[in-house]
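# A closer look at the structure
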Amino acid sequence: ILRFDPSSYSYFETARGLRAVAAALSGFADDLAKSDEAVGLCIDASLIAAKGSAALAEVFRPFASRMADLGLQSCGVISATTEDANLVVTDHFLDLVVVKGFEEPWVGSAPRPVAARDWFEKRVTAVQDIVAEDKLGMALGSFSVDWVPGRAKPDTMPYAQMASALAEAEATPTFIPAAGAA
């Protein structure tokens, strides 16, 4: 999965910048096609999706076209919390759509499950109504979140690391039923 550096976010501000991103992806695809083992390229489109469906189309149209020309599959990873229009565009242009079936904690977010049961059921149903079944992949959150008092952004860690830390401290995780956790 190719992930964009958040410092490159300014590229997504203008059509010219979006075209530059698309050109860079096409160049990356050309390099990838030289490998006998490559079957495709999956990009994390979260930063582009934040700019809306027109921005996604500006990048995905040439990216998907170049990938098809090279005989490679195109793939995008997108948040389940994104606008439905972003899912429509991603489904339209790409061969595979991986939807993050969890909410990523961010600066100022309140303690909550990464995928509360009610939220997950509703969002997965909505995603299934938009993205073609043969293109859809769901990513499940296999990490834990530690909301530390006084820190703006919560800490995330792989589930195995969290389980080991709990075992070492002879502690148990806290699940808050009122927040949708079970």
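Residues numbered from 1 in each chain as written. Predicted model: local features only at pLDDT ≥ 70, side-chain atom pairs only at ≥ 80, totals over all residues. Heavy atoms only, no water.

### A few points about the overall build of the protein
The number of helices and strands found in the protein is six helices and seven strands. Element order for the protein, N to C, with α for helix and β for strand: β-α-β-α-α-β-α-β-α-β-β-β-α. Here the protein holds 182 residues, and the buried ones make up 37% of them. Taking the contacts inside the protein whose residues are at least 6 apart along the sequence as the reference set, 60% of them involve residues at least 24 apart. In the form shown here, the protein has an accessible surface area of approximately 10700 Å², with 54% of it arising from carbon and sulfur atoms. (Helix = DSSP H or I, 4+ residues; strand = E, 2+ residues; numbered from the N terminus. Buried < 20%, exposed > 50% of the residue type's maximum accessible area, 1.4 Å probe, protein only. Contact = heavy atoms within 4.5 Å. Areas by Shrake-Rupley, 256 points an atom, 1.4 Å probe, with all protein chains shown as cover.)

### What about the state of the cysteines?
Tallied over the entire structure, the rule returns one disulfide. Each sulfur of the disulfide joining Cys42 and Cys75 lies 2.1 Å from the other. Taken together, the positions of Cys42 in strand 2 (residues 40-44) and Cys75 in strand 3 (residues 73-79) put the pair 33 residues apart, joining distant regions of the chain. Residue class for Cys42 comes out buried when judged on its relative accessible area of 14%. When its relative accessible area of 6% is taken as the criterion, Cys75 is described as buried. (Disulfide = S-S within 2.5 Å.)

### Points about the pairing of strand 2
By the criterion of burial, strand 2 is predominantly enclosed, with four of the five residues buried. Two elements, strand 2 and strand 3, share five bridges in a ladder whose sense is parallel. What sits directly across from Gly40, in strand 3, is Gln73. (Pairing = 2+ DSSP bridges.)

### Description of the nonpolar core
Counting residues in hydrophobic clusters, the biggest one holds 29 residues, and the most contacted among them are Leu56, Val59, Phe60, Phe63, Ile78, Phe93 and Val99. Looking at this core, the elements that each hand over two or more residues are helix 1 (15-33), strand 2, helix 2 (46-49), helix 3 (53-69), helix 4 (84-93) and strand 4 (96-100). A total of eight residues in this core trace back to one element, the largest contributor, which is helix 3. Filtering out sequence-adjacent residues up to four positions away, Val99 remains in contact with Ile78, Ser79, Ala80, Leu87, Val127, Leu136, Gly137, Met138 and Ala139. (Core = buried A, V, L, I, M, F, W, Y, C linked by side-chain atoms within 4.5 Å.)

### Brief notes about helix 5 (residues 117-130)
Helical geometry note: an α-helix holds 3.6 residues per turn, so side chains three or four residues apart project in the same direction. Over its 14 residues, helix 5 extends 20 Å from the first C-alpha to the last, a length consistent with the 20 Å expected when each residue adds 1.5 Å. All of the buried residues along helix 5 are Arg123, Val124 and Val127. Projected down its long axis, helix 5 carries its buried residues within an arc of 105°, all on one side. Turned more than 90 degrees off the buried face of helix 5, the exposed positions are Asp118, Lys122, Gln128 and Asp129. (Expected span 1.5 Å × (residues − 1). Arc of directions from axis to C-beta.)

Everything listed here is a matter of geometry and, on its own, says nothing about what the molecule does.
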